[in-house]
Amino acid sequence: MPAFMNTDAIKMKIAVLSGKGGTGKTLVSVNLAASAEKATYIDCDVEEPNGYLFFKPEGVEEEKVAVLIPQVDNKLCNGCRKCLDFCKFNALAYIVNRLIIFTEICHSCGGCLLVCPKKALSEKEKVIGKIEKGSSGPVSIYTGILNVGEASGVPIIKRLLAEKNLKSDYPIIIDCPPGSSCIVMESIKDADYCLLVAEPTLFGVHNLNMVYELVTLFNKPFGVVLNKCLLGEENPAEKFCIEKNLKILARIPFDNELGTLNSHAEIAVRKSKKYRQLFSSLLDEVTKEVQHEAITNP
Amino acid sequence: MKIAIPVDERNLEASVCVSFGRAPYFLIYDVKTKESIFIDNLASSSKGGAGIKAAQVIVDYKVDALLTPRCGQNAADVIKAANIKIYKTINGSAKANIEAFIANKLSLLDEIHAGFHEHGRH
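Quick caveat, the model's predicted, so the values are computed rather than measured. (Residues numbered from 1 in each chain as written. Chains lettered and ligands numbered in written order. Predicted model: local features only at pLDDT ≥ 70, side-chain atom pairs only at ≥ 80, totals over all residues.)

1. Digging into the overall build of chain B
Per the secondary structure count, chain B includes 3 helices and 5 strands. Secondary structure elements of chain B, listed N to C terminal, follow the sequence β-β-β-α-β-α-β-α. For 122 residues, the compact-globule formula gives about 14 Å, and the C-alpha radius of gyration of chain B, at 13 Å, lands near that figure. Based on the C-alpha atoms only, the size of chain B along its principal axes is roughly 45 × 25 × 25 Å. Across the 122 residues of chain B, 40% fall into the buried class. Sequence separation of 24 or more characterises 48% of the internal contacts of chain B that already satisfy a separation of 6 or more. (Helix = DSSP H or I, 4+ residues; strand = E, 2+ residues; numbered from the N terminus. Rg over C-alpha atoms; globule rule 2.2 N^0.38 Å. Buried ≥ 20, exposed ≤ 12 C-beta atoms within 10 Å, placed from the backbone. Contact = placed C-beta atoms within 7 Å.)

Set out below in structure tokens:
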């Protein structure tokens, strides 16, 4: 076995994000987690989780995730429509003396119950997805899975990032959903450090800017990983980083070897010395950044 | 008999709006009295569920038929629960569609799309 970077016993939560899908969030997250002596990998991309394809976790246990949605007793409902007026998502309709509830649109805020003067609404549980826990060697794997057609993955991410899952003395890598919407905010909320993965295109710059604005808004320390870098070619994402004075922590080459490993669902650091070095040194860089942050902004 | 049409402007010559739930206005036309009223679609700026809210308004006006180029699943569920028939509009103004409807030239809308909900963006 190769010597791993000495990153053990370091408590840090690293969120890996990007403005669009396919930039390399999972590549970076999986390989970072596999570079550590011990780590936890949490796949928060609940609409299409794919980290497990690389780790192939063993001893998988399942936990269902449910939310509360309203149900109506039409005998008690007097048709006042206060619930309709309250619901910002228009999940309720009152048709021919009957209240209709659109459960896929409901965001489980519980507000309709509060405003109902007749107590005609009550709550029931509705399963929206699940969490799978397993392990791959020294890495604990958590995968969030949202059922198709559900409104929001936020409740699953909340459960994934609950206190008990984060009680680890080793690095926790949070593989975020793409974009910069609610589910991403939920995923980075408690992170100690954010890694922004970017592609070397103009479109990539646009997407990098989205997540750059987000982590700035959240006041998170962050660094950039440039993926798919072509030697000697112009890299608009790199140019953006230089202009904005953003720290570039790693450059991953646009490389046949890596592409082949990845497309066979192999973890590059477990197969290639070159990538073991690249991701170990990235983990080392991030560790230094987090430690520096802890000293300067305790 | 009353019919509803999503329209882009507040007049009979207006074009039919391509969207039902996000249309700026609805024309409510009474075939018998030939009276027309235009209402603002408050659902057009909804964060979500615009089709449901718009359909609720149409139902509350007690119309008998909705003339629209297309309709999402949730809106269709509301409209159908109220026994309102949905007809597919033809090219042309709201007025042209009213005439076509009266002449029995419109067919029922049989394609209901799943909706254009922006998953994961809220």
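Having seen the structure, we can now continue with the description.
2. Brief notes about the sheet that holds strand β2 (residues 39-43) of chain A
Residue and element names in this part refer to chain A. Across the sheet, which stays open at both edges, the 9 strands sit in the order β3-β6-β7-β2-β8-β1-β9-β10-β11 with mixed pairing between neighbours. Each having just a single partner strand, β3 (58-72) and β11 (248-253) make up the two edges of the open sheet. The sheet shows a mean angle of 20° between the axes of neighbouring strands, taken without regard to direction. Across the sheet, helix α11 (residues 273-296) is in contact with β1 (13-17), β9 (193-198), β10 (222-229) and β11; its angle to β11 comes to roughly 165°. (Pairing = 2+ DSSP bridges. Axes fitted to C-alpha atoms, helices over the stretch in contact; angles between N-to-C directions.)

3. Topic: the interface of chain B and chain A
With 18 residues of chain B in contact, the opposing surface of chain A contributes 18 residues. Contributions of two or more residues to the side of chain B that touches chain A are made by α1 (50-60) and α2 (73-81) of chain B. Per-element accounting of the side of chain B that touches chain A gives the leading share, 6 residues, to α1 of chain B. Counted by class, the side of chain B that touches chain A contains 8 nonpolar, 7 polar and 3 charged residues. (Nonpolar A, V, L, I, M, F, W, Y, C, P; charged D, E, K, R; others polar.)

4. Considerations on the domain arrangement of chain A
In terms of domain boundaries, chain A breaks down into domain 1 (13-44 + 161-296) and domain 2 (67-127). For domain 1 of chain A versus domain 2 of chain A, the distance between C-alpha centres works out to 42 Å. (Domains from an automatic or database assignment.)

5. A few points about the pairing of β9 of chain A
All names here are of chain A. Where burial is concerned, most of β9 is hidden: 6 out of the 6 residues are buried. What you see with β9 is no split at all: Y193, L195 and V197 on one side and C194, L196 and A198 on the other are buried throughout. Note: β1 against β9, 4 bridges, orientation parallel. Bridge pairing in β9 places A15 opposite C194. Note on the crossover from β9 through helix α7 (residues 202-217) to β10: the handedness is right-handed. (Right-handed = clockwise from strand over helix to strand, strands pointing away.)

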